[in-house]
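Remarks on the overall topology
Residues per chain, in single letters:
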There are 4 protein chains.
Amino acid sequence: MCGVVGIWGAPQASNLTYLGLHALQHRGQESAGIVSSDGGRLFAHKSLGLVQDAFSQPVLEALPGDRAIGHVRYSTAGGGGLKNAQPIAVDYAMGSLAVGHNGNFTNFEEVRTRLEAAGSIFNSSSDTEVLVHLIARSREATTVGRVSDALKQMQGAYSIVFLTTDELIAVRDPHGFRPLCLGTLSSYPGLPGATVVASEPSAFELIGAEYVRDLEPGEMIVADREGVRSLRPFETRAQRMCIFEYVYFARPDSKLNGISVYDTRKRLGAILAEECPADVDVVIPVPDSGVASALGYAGRLGIPFELGLIRSHYVGRTFIEPSQSIRHFGVKLKLSPVRAVLEGKRVAVIDDSIVRGTTSRKIVKMLRDAGAKEVHLRISSPPTRWPCYYGIDTPSRNELIAASHSPAEVAKYVTSDTVGYLSIDGLHRAVRGEGPGRQGFCDACFSGDYPVPFATENGTGKRSLPLASV
Amino acid sequence: MCGVVGIWGAPQASNLTYLGLHALQHRGQESAGIVSSDGGRLFAHKSLGLVQDAFSQPVLEALPGDRAIGHVRYSTAGGGGLKNAQPIAVDYAMGSLAVGHNGNFTNFEEVRTRLEAAGSIFNSSSDTEVLVHLIARSREATTVGRVSDALKQMQGAYSIVFLTTDELIAVRDPHGFRPLCLGTLSSYPGLPGATVVASEPSAFELIGAEYVRDLEPGEMIVADREGVRSLRPFETRAQRMCIFEYVYFARPDSKLNGISVYDTRKRLGAILAEECPADVDVVIPVPDSGVASALGYAGRLGIPFELGLIRSHYVGRTFIEPSQSIRHFGVKLKLSPVRAVLEGKRVAVIDDSIVRGTTSRKIVKMLRDAGAKEVHLRISSPPTRWPCYYGIDTPSRNELIAASHSPAEVAKYVTSDTVGYLSIDGLHRAVRGEGPGRQGFCDACFSGDYPVPFATENGTGKRSLPLASV
Amino acid sequence: MCGVVGIWGAPQASNLTYLGLHALQHRGQESAGIVSSDGGRLFAHKSLGLVQDAFSQPVLEALPGDRAIGHVRYSTAGGGGLKNAQPIAVDYAMGSLAVGHNGNFTNFEEVRTRLEAAGSIFNSSSDTEVLVHLIARSREATTVGRVSDALKQMQGAYSIVFLTTDELIAVRDPHGFRPLCLGTLSSYPGLPGATVVASEPSAFELIGAEYVRDLEPGEMIVADREGVRSLRPFETRAQRMCIFEYVYFARPDSKLNGISVYDTRKRLGAILAEECPADVDVVIPVPDSGVASALGYAGRLGIPFELGLIRSHYVGRTFIEPSQSIRHFGVKLKLSPVRAVLEGKRVAVIDDSIVRGTTSRKIVKMLRDAGAKEVHLRISSPPTRWPCYYGIDTPSRNELIAASHSPAEVAKYVTSDTVGYLSIDGLHRAVRGEGPGRQGFCDACFSGDYPVPFATENGTGKRSLPLASV
Amino acid sequence: MCGVVGIWGAPQASNLTYLGLHALQHRGQESAGIVSSDGGRLFAHKSLGLVQDAFSQPVLEALPGDRAIGHVRYSTAGGGGLKNAQPIAVDYAMGSLAVGHNGNFTNFEEVRTRLEAAGSIFNSSSDTEVLVHLIARSREATTVGRVSDALKQMQGAYSIVFLTTDELIAVRDPHGFRPLCLGTLSSYPGLPGATVVASEPSAFELIGAEYVRDLEPGEMIVADREGVRSLRPFETRAQRMCIFEYVYFARPDSKLNGISVYDTRKRLGAILAEECPADVDVVIPVPDSGVASALGYAGRLGIPFELGLIRSHYVGRTFIEPSQSIRHFGVKLKLSPVRAVLEGKRVAVIDDSIVRGTTSRKIVKMLRDAGAKEVHLRISSPPTRWPCYYGIDTPSRNELIAASHSPAEVAKYVTSDTVGYLSIDGLHRAVRGEGPGRQGFCDACFSGDYPVPFATENGTGKRSLPLASV
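Keep in mind that this is a model prediction, so the values were computed, not measured.

Right, let's get into the interface of chain D and chain A. Contact with chain D, which involves 35 residues of that partner, is made by 35 residues of chain A. Of all the elements in the fold, those that place two or more residues in the side of chain D that touches chain A are β3 (42-48), β5 (88-92), β6 (95-105), α4 (108-117) and α5 (127-137) of chain D. Examining the composition of the side of chain D that touches chain A, we find that five residues originate from one element, β3 of chain D, more than from any other. Of the residues belonging to the side of chain D that touches chain A, the class tally is 18 nonpolar, eleven polar and six charged.

Encoded structure:
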C-alpha cells in the first residue's frame, strides 16, 4: 500500500502536495517524498517517517514551482530504507523524470533480469526502478509515448504519477486495481484551475480541491502547458478494483469509484449481522477500522453499540517494547478495554480481518480480562486465504490462519466463543449494492481468483542487494 | 493538567513507570520524566515531548532500581521548557528527594516571596519548587514529617508523589481536587506485591497492576521497607473532586472515585438529550472526547449515531502550518467530515465544551461545507464561564465566550443553528447518579464557586524569570 | 579549567559573547552557555559540547540585549552533564542572577553542609551553586554587597562573572589564581565604549575589543548604568597566579598579567636546554602546546627544529574507539609521526608535562616505530607531583608518576633514553624574567606549597546526587 | 579531491576502513562512506559530514565482513549532497558492485550523453556513475574485464577502488595523476596478510599496515580468493603525477611515489628563499600547510622561524557567521596573530598558494593590525593561473588572481609590501631533487600544459538535475 498525489498548475504546489500526503498518511508511514518543478528543473526531498516529520517549512521552500508529485510508502518487511523511498527521480535522455507508484508489478523480476543482461544498473530493490529503465530505453519520441511503451511491458497493479519539467502524467492500470482520482483546484481568482490527482478524494478535501471523477482503468491523464487530456494507451480489460480498499485501507470519508467507504462499511456490518448474528448484550468495534461496520452490525440487530475498546493516540513507531523480563505483566499498548462497557456482558466485537490470528487472540483475552462473559468475534470480510500480489503486504499462505483453519478452529485459537466471517457474496453485495454478480472487483485474497499472473513466491529475494541504509 | 505514577518494590520500576506514563499520556504531552532509585541514590531523566520519544531502552537502563516516580506535563502557554519539567530532583539536608506534582498551589506566589526574603533561590517558575524549599527548611526529623509540614503551608489542588532513596510518598490534597489511585502489583511469584499509585487506574491496566481504591482526600500513602501505611496529616475538608475530569480529561476506560468515566459521559449525553433535544436526522460526536456523550444523546432520542467526523491519527506537534498564502484553501488537518453521513442531513454534533468558540466555528463550517442542512451544537457540560485555578490551563474570563454570551449569541458566533448546554444540575446528576445535591465536586469553572481562595490574576507573571531554554 | 566572558553595553551582546567563548574554547569543551539581558529579564541557553555546536543563529536571537555573560566548561571525570553547565541562572529575592565561574572553592563541602542544615536545596554537584545560596541568604542590601559578603565566606580560586538585569560584576579572587582581563569595545561611533571581561585577552582580539589590563587580585569590577567602577571588597593577599597557565593552559597569543605566553614558552624551552641539554640531531615538539618551547630549546642548542609529529585536525569527542579486537593494530588517532624527520635520527621531543606517563609512553613508541634512533623526552615544566585544588582537573597523588618516580625511573617507564624536566627555579625565571624569588605565582602542583587550605581528598563524593542526565 | 581506502582479507574490515578514512580526512570533509562484504552480499553506509560523525559503533557493526572500501569526498561548490556521496553501490547483471573514485573523468559529459541516448538513467551528477554504466553494459565476461573495458572509454584522472562480493579491485589511471598506494596488514598470527590500498600511506600507519609501494600509472591490483595480482590493462602513458599534492593536499607525513611530502615542502621553502629572499626579522607560516616550507625558507636565510599565527582547533562546518551588523568588529575565527612575535617586526609569511587573493588580504591585515612593520608574502608554489580538470576544485580562470595580475599587482591587492612566488623550475627541482627536466608531473594549474584533453567550461552544468537533497 502506498499513496500518491500529483498537482499541475497551482502556486506552491509542494505545500499542497504535502497537505495531500498528510490526508493519505494512512496509506503509508514508512517514508514520504515530494518532487516539484518550476519548469526549469526538478527538486526532490525524501525522508523516512511520517509526512509531518519529513518536511519542514524550509524544506518545502526548497521545492519551488507550480507542479509536484508526492508519495507515502507503506512499511514492508524487507526492502525498506531511504533507498526505496519514492518518488524516484532520475536523469535520462529526455531530461529529468520523477515517479511515484502505488501497486506492484508482478513480472518485475523477469524484466529486471532482462534489463540487467542489457546493461542496466539498479540502485534499489524497488519494482518501480524497472519501469524507469524501460522508459529510458524506449525508442518513442515523447515522454507520453515512452511511459505508455514501458507500462505495456509491465503486468500487475499500478496507480502511478510521473513528473517532468513540462508535464504531469497519471496512469491507472488496465484492471484499475488501485484507486486514483482526478480533481480540480480553482480557488485563485483569475488563474485557470489546477489539475490534481490523488489516491483518494480525501486528499482533495484537505487542500480545497474539487473531486471530478475516478480515473478509469487503463486511463492516462496528461497535464501540460496546453491543458489536460485523457489517453487510452492500453487494451481494454475488465475492471478489477481491489475490494479490500473498502473493507480496510481507504479512509471512511473517501468515495472510491463513486461508492462511499463509510456507507459500504455500514453495509458490511449489516449483511454480516444477517449472515452471522450473535446473541449478545453489546456490539463493540476494534477501533478505528471496525467502527462503521460495528454500527451497521448493531443497527441491523437492534443491539446497543458501545466503544468497549479505546485506542491510544500516542503509540508511534518509536515506542519501546518493554523488556522481556516484564512482558508477563500483560502489556497492552494500543488498545485498552472499557470495563464499564464489558463487565458481565455478552460481547460481539467487530474487526475488519484476521491475518495470523495473534492480534485477535490478544484482543479476546483483553475483553475477557475486563469481564466480558462471552466474546463473539465477527469479521466484516471473508476469510483471508490468499496472499495479495498487487500491492498489499500480506504474509505467505502458510501464515494466513484462515487458509488452513475453519471458523470454529480459528475461534479455538483466538479463544473466542464463536467466530463469524462475511461471505464473499455478502462482501460484493455490500460494496456494489444489490445487483447480481461479482464483476468489477478483485477479491483474490479471499477467493484465490487472481486476475493477473504473478511470479512464484520463490522467485523473489534471491539477489544480493546493497544494504538500504542510504 | 498533569499525570503522575509511583512504584515501590517492583524490579525494573522505571520500565513499569514508563508504561504507566504512556497510559497517562493524554494528561500531558509537553514533557515526561522519571526518577528511580536503587536504594543508594536517585537517577533522573526528563525530556520535552511524548513519553515514547523521551525514553529509549538505554535511558531506561540508566534508571535502575525497584522504586520510581514519573510525571507527564501538560503544555501550558507560559512557563514551559525543560526547566519546568518534572519530577524535580534535588539534594538537601536529608539526602536526595524527587517530586512529581499534578495540580496547582494557589498561594505559591506569596510563599515564594516569603522564601526569597529568607534567602531561597529558584531555578524555575514552577509552583512545585516552592514546596521543595518548604520541605528543605522544615525542622521535622523525618521526610514524612517534613512533607506534611510543607504541604500544610500550601493551599490548592495537588495529587503528588515523592521519592527518596528509602520511601515512596503519595499525597492527595484535603479537597481531593485531582484524582490519585492506589494499586498493587503481585505478578512475581515469591515476591511481596509492589505498591503502585497513579493519576488514573488505566495506568494499572497497562502494567498488569490491580486497582485497590482511590486515595481519600487528605490521605498520605507511605511505602518503605516496613510496608505500606496510610496517614492523615491534614485537617478534614469536604471533598471537591474536579468534575471536569469526568467531562473531558480522564480516559473513558478509567473509574475515578468509583465512578466510570465512560458511563458518566453516556449519562451526560442522555441528560443533555432531555434538556436540549434536537430534531435531527443524525447525531455525531466531535471525536474522540465526544463519542460516549453522543452515544448517550442519540440513544435517549432514538436518533441514529454516526461518525460524521474522522480524526487524523497522525497530527502531532511538528505539523507545519501551511504558509499564509495558501491558507484560504481551507485546510482541515485534524478532523475531516464524512460527506456520506452529512449530506442533506440535519445534524446534532456533540462536543464536551466551548472555550473561545473558534474551534466550534470551524467545525460547524466544515459540517455545512460537507452538505449538512442544519447543524445543532450540543455541549455535554454547562457553559464554561470561570477560569480554573486548580491545575487546568484555561484562559482568563474575558476570553471565555460563555462568560459574556448567551447560548443564542454563541450559536450566532459559531454559525450553528442552535447551541445547547447541559445544566449544572444535569451535570451533577450525570456524575453522581440520581441523588440530590452538588456536594463532593468542584464545578468552579461552571459556577464560579471556588472552594479554595487564590491570588488574583494580576498577581502572577510580574517576575523576571530566566528563559526556560535549559 | 573553564573560561568566562562578560559584556556590558554592546548591541547583540550574546553574539559577541559567543565569539569570545569561541576564542576561549581551549579552556573547556564539555559545555557552553550564555545568559543575556535586555534590562528587563534574563535569557539563558546552555548545551553540552563545543561553542559552535551549542549555539545557532536562532538561539543567539533568542538571547537579546546589550549585556551578557558566557562560560565554557572543562570536561571533568565526575560531575558533568547539563545540570552542571554554567552560567547558573536563578531567581531570588533581588530578582534574577546568573553566574559563570572559573576556579574551585576549596571549602565548598563544608559550606554546603551548613547551608543544607539551614534548609537549602541543591540542583547540581557544582561548587558554584553554594555561592549562589550565600548570595541569596546575605542580608546586604545590594547585589554588590551580597556578592562580596558571599565571596568572603568562600576560599579558593575564582575568576567569576555575574549578570543581573542591571549590572555586570566580575571578580578575581584575592590570590589571583585564575586570569581575568578587562577590555573595552569602542567600535560603534556615537556610542560609549562597552566594557568587556574575559579569561584571556585573546577573546578581545576576536571581537575587536581593546585590552585594558588584567584585573588585580581581589578586585571587583562593576559595570552598570552609571559606568564602570573598581572595588576592593577583600583583604589584601599575596598574588599567587597559576604558573601552569603559562606552561599549558593559556593560548600562546595571550598575555597574562602583562607577560606573553608565547615568549614565556620559548624561554621555558631555552632554560630547559641549559638545564637538560640533549645531544640530538633534531628537536621536535608534541603539538600544539610544545611548539614554542621546542623552538626555544632548539634555538638555544643550535639544533634543527622540525615538526616530527603531526596532529590531526579532525579528532573530536565523537570519535569511536576501535573495538577491542583490533586494538593491537596500534591505532594512533591524534598524532602521527613524520618518518622523513625521524628516521635514523637522535630526537629530543618537547612536551609540557607528564601526568600519568601513559601518553608519553605511546609517543615514545610511535617515534621509535618511525625510525628514531634515540628518543630524549624533555619537559618544559618541573615534575608534576601534587594535585591542584584550585580549578585544574588533576588525578590524585598516587596517579602522578612524578610523585613517586625519579626522572630515570620515568624514562624507564615511558621507554625513552632520557627524561629531563625543567627546575622550579628555571620555571619561575622563564615566567618572570631574570629577577630573584618565586613570589607572585602558585606552583603547588610542582612544589606542594599550597597557598590556600583545602578539604582532604576523602571529603568529596560521599553524597547521593541525582543523575546529571538533565 | 577525495580519498579512498580498500581492504581485502582482514576481520572487521569496515572498522579498519573507518580508521583509514580518518587518516585521509584532510582529502575530503563533505561526505564519508563505506561498503563492506561478507562474501554473500554488500553492506553500505554513507553520510554527509566528517568520518567520525558519519559512523558509530552500531553502524560499523552493520557493515560486516573481511573486505571493504571507503571514500571521503571533498566539499565542492555544486553537485554535493548525499546523492553524490560515495562509494556508489549498485546491482547489475554480474551481481553487486561498489565504487569509490578520486579524480575526474574529463570526457564524462560526452559519454553520459551517449549512454542516455542508449537508455541509461542517472541518479546523480557524479562522473563516477557514468563509469558504472559502462561496466554494466560491457560484454566482457568478468568484473575485471568489464572494469578494464569501461575505464578504457574514460579519459582523465582516477585512483579508484571497486568492491564486489568476491574481489577488491584498485586502479590508477595511465598518467598516475592521483596517488594510490599498496600495503599489507599481517598482524594476525596464523592468518595470511590482508591487502590494503589507500590514497596515502598515512592511512596505513594508523591501522598498523605496512607500506609496500605506490601503484604504478595504469596498474590494476586485483585481490580475490586466489591472492593478489597486478594487471596492466591500459596502453603505456607518461606519468603525470599531480605536483600540487606535494605543495598542499597530501599529509606531510606521507610519502608519494617514494618522495617525502615533508622534505619536499622544506625544499620548496629553501628554493623559494633563494629565488625570492626577504630582508625580514622573522619568518612565519600560515598554519598548518605552510609550516614545513617556512622552516625551509627560514633555515636557508638564517632568519628566526616563529609561530606568528595560531590556528583554532575548533572551527568546523557548523560555525555561525556573525551577523552582518557586527561584522565590522573584524572577526577572525580560524587564525589569530601572536602579537609577541609580530610587534614591530618585519615579517615574511609563507603560504602554499594564492587563489583569489581574498584570504591573503585578510591575513596581511591581521599581521599589520598585530604590529608587523612590514609584511612580505612568499608563496611556496608558482602563480596559480589555470583551472584543474583532474579532480581539484578550482575556480574558473577569471577568478584566479594570478591569471591576470603580476606579483606586484597581487601585492597591491593583498596589501603586502611584496609578494614572491616560487618558479615552475624551482617547484620541479624541489619535488624531484636536482635532476634536470620536468617530466613525470602534471603542473597544468601553473603552466597550462594539460596532459589530457577536457571539455570546455561551458560544456558542464547545462543539464536539469534533481536536487541532491536525498
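The next point concerns the UniProt feature "binding site: [4Fe-4S] cluster" (unreviewed entry) in chain A. Residues and elements named next belong to chain A. If you check UniProt for "binding site: [4Fe-4S] cluster" (unreviewed entry), the listed places come out as Cys-242, Cys-388, Cys-442 and Cys-445 in our numbering. Separation in sequence by 204 residues is not matched in space for these annotated residues, since their most distant C-alpha atoms are only 10.1 Å apart. Along the polypeptide, Cys-242 turns up in strand β14 (residues 240-242). Leave out the neighbours within four places in its chain, and Cys-242 touches Phe-177, Arg-178, Tyr-390 and Cys-442. Among the structural elements, Cys-445 can be located in helix α16 (residues 444-447). Contact partners of Cys-445, with chain neighbours within four places excluded, come to Phe-244, Thr-384, Trp-386, Cys-388 and Thr-394.

This part is about the relation of the copies chain D and chain A. With an axial shift of 0.1 Å and an RMSD of 0.1 Å, the rotation relating chain D to chain A amounts to 179 degrees. The two molecules are tied by a two-fold rotation axis, judged by turn and shift. Closest approach to the rotation axis among the C-alpha atoms of chain D is made by Ser-120 of chain D, whose C-alpha sits 3.5 Å away. Residue by residue, 100% of the interface of chain D is reproduced at the interface of chain A, so both copies engage with the same surface.

Let's shift gears to the sheet that holds β5 of chain D. Residue and element names in this part refer to chain D. Read across the open sheet, the six strands follow the order β5-β6-β7-β8-β12-β13; overall the sheet is antiparallel. Each edge of the open sheet carries a strand with a single partner, namely β5 and β13 (227-231). Averaged over all pairs of adjacent strands, the angle between their axes in this sheet comes to 20 degrees, without regard to strand direction. As defined by bridge partners, β5 adjoins β6 across five bridges and the pair is classed as antiparallel. Within β6, the residue paired with Ala-89 across the bridge is Ala-98. Its contacts with the sheet place α5 against β5 and β6, and it is angled at close to 135 degrees to β6.

The next thing to look at is the packing of α4 of chain D against α5 of chain D. Residue and element names in this part refer to chain D. Taken N-terminus to C-terminus, the directions of α4 and α5 make an angle of 45 degrees; their axes are 10 Å apart at the nearest point. With respect to their mutual orientation, α4 and α5 come out oblique. Where α4 crosses over α5, the handedness of that crossing is left-handed. Side by side, α4 and α5 meet where Phe-108, Val-111, Arg-112 and Leu-115 of the first sit next to Asp-127, Val-130 and His-133 of the second. Classifying every residue of the contact of α4 with α5 by side-chain character gives four nonpolar, one polar and two charged.

Calculation criteria
Residues numbered from 1 in each chain as written. Chains lettered and ligands numbered in written order. Predicted model: local features only at pLDDT ≥ 70, side-chain atom pairs only at ≥ 80, totals over all residues. Contact = placed C-beta atoms within 7 Å. Helix = DSSP H or I, 4+ residues; strand = E, 2+ residues; numbered from the N terminus. Nonpolar A, V, L, I, M, F, W, Y, C, P; charged D, E, K, R; others polar. UniProt positions renumbered as here; feature names shortened; annotations may be inferred. Least-squares fit on C-alpha atoms with pLDDT ≥ 70 in both. Pairing = 2+ DSSP bridges. Axes fitted to C-alpha atoms, helices over the stretch in contact; angles between N-to-C directions. Parallel < 35°, antiparallel > 145°, perpendicular 65-115°, else oblique. Left-handed = near helix turned anticlockwise from the far one by under 90°.

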